[in-house]
Amino acid sequence: MAWRVLRKKGTSASFLNAFLSTHSKDATHVIYGSFGQILDSDVLPRVAANASVLSNNLTIRSFHASRNMLTWRRKREDAPGLKAPRKEKHVRRETRTQAPVETPYVPPRQKPSAKSFHDKTVEIFEGMTILELAKRTGASIGSLQEIMKNVGEKVDSEFDPISVDVAELVAMEVGVNARRLHSDEGAVLQPRAPVVTVMGHVDHGKTSLLDALRQTSVAAKEAGGITQHLGAFVVDMPSGASITFLDTPGHAAFSAMRARGAAVTDIVVLVVAADDGVMPQTLEAISHAKAANVPIVVAINKCDKPSADPQRVRIQLGSEGLPLEDLGGDVQVVEVSATSKIGLDKLEEALLLQAEMMDLKARIDGPAQAYVVEARVDRGKGPLATAIVKSGTLLCGQHIVVGAAWGRIRTIRDMVGRATESGQPAMPVEIEGLKGVPMAGDDVTVVGSEERARMLSAGRKKKLEKDRLHKASEMTTDIPDASEEVPKRVELPIIIKADVQGTVQAVTDAVRSMNNAQVFVNVIHVGVGPISESDIDLAEACGACIVGFNIRNPPTAITHAANQANIKICLHRVIYHLLEEIGKYIIDKAPGTFETKVAGEAEVLSIFELKGRSKSKGPDIKIAGCRVVDGRFIKSSTMRLLRSGEIVFEGSCASLKREQQDVEAVSKGNECGLVIQDCDDFQVGDIIQCLEQVNKKPKFVSTVGGAVRIEC
Ligand SMILES: Nc1nc2c(ncn2[C@@H]2O[C@H](COP(=O)(O)OP(=O)(O)OP(=O)(O)O)[C@@H](O)[C@H]2O)c(=O)[nH]1
């Protein structure tokens, strides 16, 4: 009898399913686990039912309590040599396949804090029960049933399965994020093309490499050197295999987009210039790939250059912890030249080899699962989303929800803009028919009806708005206490418009990164497309400035309206110029911090005394006869008296004269008579400093990689 002990913490039904799908159907598996640890009690019957498809001899034994729950006695029979648990305080249950398991649900005693609720993400799946959802969200069964009633869903018992769409709606309604678990159980999986992203430091040749690879694309040749239609293209190999490349912009401001790019990517091509070596964004790209658990293939580019030193790049990458193949690791390295088109075939081969090792397969039948890599608005066609199909088949006419947008697919286009009936795994497609513009990284969910699509989209919009308000309130509570000597933080409302959704996000992230202790940059509205009348209205109402990236100049009427309302519009096509201008604007709005600076220094050469003629005419006044040895003396400033380097007195200037005349300022090299309010302690040789209050404004700082921030 084959048996397994599964007690990997945090694993769940999906883990068990994966286990069962990879183990022999004929063997008898005895699976030990714990409720709430491996197998949730209410999932168990379903899992067991699914599992029985795979193995008729499956036995699941699961127990209450935590790690100690494995029944020692039972284990000793099956697995001699395992250590005894500390206590045998447990309830043992044994379940034959499909036998129902009942565990009373105890609602949590404490309601999670608002913050934890907003940050929480729960996994949901088709056919889960209300009981399961209650456990994951931490909300009570009653409240979930109430929500279901409100959204017009039929509410049965807490053990009845609900659809994944309803589960998501309910989860969002209680304020948590929902992540859909997709199961390809029982489906026929077919090999699919790898999806590859090219990453690397600025100017290391990503665009050139993509261009060179694109030229090898059959479709590109067919279309006679097409201008690229999508943010992705497919290269067909002579062997019949193909590779899907994603285009990602290089500037650091787009790191969020790149992070999303990596999330839909199977392989990352890390471009490192052979002459320049490893740079900050090279390391950033490695981090993104590692975070997304995506394997890397290194392309050492610009190998045609006389200054190229590929070996140095290898050593640098090795010392950054990248296990290169040449050094005994599994990361392939290919030397290429994008401009001389050297080594491109080797790079493609390396990518196919990597893909082969990964055994990339996908389900072709059934509803598609896809990810948006880019979205924009076309004047004639309306919102367009470029997506990569991950599994299933996307069909024209289907109702979809993409992020918070929804629609019915009117047209699907391929990478060269040809209309096609469907989209299959690893295929980049353009989807027309959405009612709104989704965001890069959003998933495309196929739903059964328009009603469902509308409902899910409305739910997601509501959740996004809730999260936005929550974040804004968190940020405003960061405003420093007025009792501290920190300037009051001013709010700077901003509206962001850009050409495509991905850029909107990138610009928004970059603008937000300039938030600082003195200025709260509040992005109140973002959108794709040119500046509209409603943007002007909103800006006027909120006192906002409008930032436009890569968009057309607004019509004269809009510019005129903006001028009339005194609205600042900041338009650019180069991201760095845009950020620089916004940075200056933010600095301009920042109250700054006042610092004391020595504006001038004078030496006391002689002392004069002006006698008060009577008591009523005031006391005697001491006048210091000085020479300004450095800087300038200004009458309105504070004066500081120093003797042997020690401060003896500090006070305002009562009189500043030059040759018997009252003056406002005296500059370096000149002599003057100076009276400090309430000071009669001058000595020859003393130093007097003129103190000035300077408003120190924050500074705009940009890094080599292009990231910017404001330093206070
Ligand atoms: N000699 C040589 N020059 C190259 C090669 N690849 C790119 N270049 C040059 O390097 C410069 C930068 O190339 P890009 O392709 O724009 O670099 P990038 O990494 O896409 O730059 P960003 O998009 O700004 O991050 C250009 O002047 C290219 O002509 C190469 O293989 N050999």
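Bear in mind the structure is a predicted one, so any value in this text is a computation, not a measurement.

About the cut-offs
Residues numbered from 1 in each chain as written. Predicted model: local features only at pLDDT ≥ 70, side-chain atom pairs only at ≥ 80, totals over all residues. Heavy atoms only, no water. Pairing = 2+ DSSP bridges. Helix = DSSP H or I, 4+ residues; strand = E, 2+ residues; numbered from the N terminus. Axes fitted to C-alpha atoms, helices over the stretch in contact; angles between N-to-C directions. Contact = heavy atoms within 4.5 Å. Salt bridge = Lys/Arg side-chain N within 4 Å of Asp/Glu carboxyl O. Buried < 20%, exposed > 50% of the residue type's maximum accessible area, 1.4 Å probe, protein only. Polar contact = N/O pair within 3.5 Å; in protein donor to acceptor, adjacent residues only side chain to side chain.

**Some points on the sheet that holds strand 29 (residues 569-572)**
Logical step 1: An order of 27-26-28-29 is seen for the four strands of this open sheet, with the pairing classed as parallel. Of all the strands in the sheet, just strand 27 (519-528) and strand 29 have a single pairing partner and so form its edges. Across the sheet, the mean angle from the axis of one strand to that of its neighbour is 20°, orientation sign disregarded.
Logical step 2: Relative to strand 29, strand 28 (residues 545-549) is paired through four bridges, and the arrangement is parallel. Paired with Phe549 across the two strands is His572, which belongs to strand 29.
Logical step 3: Against the sheet, helix 15 (residues 501-512) makes contact with strand 26 (490-498), strand 27 and strand 28, and its axis sits at roughly 175° relative to strand 27, the strand it touches most.

**A short note on the pattern of salt bridges**
Logical step 1: Following the criterion strictly, the structure yields 30 salt bridges and no others.
Logical step 2: The partner of Glu430 in a salt bridge is Arg413, with the nearest N and O atoms 3.2 Å apart. Separated by 17 residues along the polypeptide, Glu430 in strand 24 (residues 428-434) and Arg413 in strand 21 (residues 405-413) bring together distant segments of the chain.
Logical step 3: Via salt bridges that share partners, Arg376, Asp378, Arg410, Arg413, Glu430 and Glu432 belong to a single interconnected network.

**So, the side chain of Asn516**
Logical step 1: Here Asn516 shows up in the loop between helix 15 and strand 27.
Logical step 2: With relative accessibility at 7%, the residue Asn516 sits in the buried group.
Logical step 3: A distance of 3.0 Å separates a polar side-chain atom of Asn516 from the backbone oxygen of Met514.
Logical step 4: Not counting chain neighbours up to four residues away, the residues in contact with Asn516 comprise Arg489, Ile586, Ile710 and Cys712.

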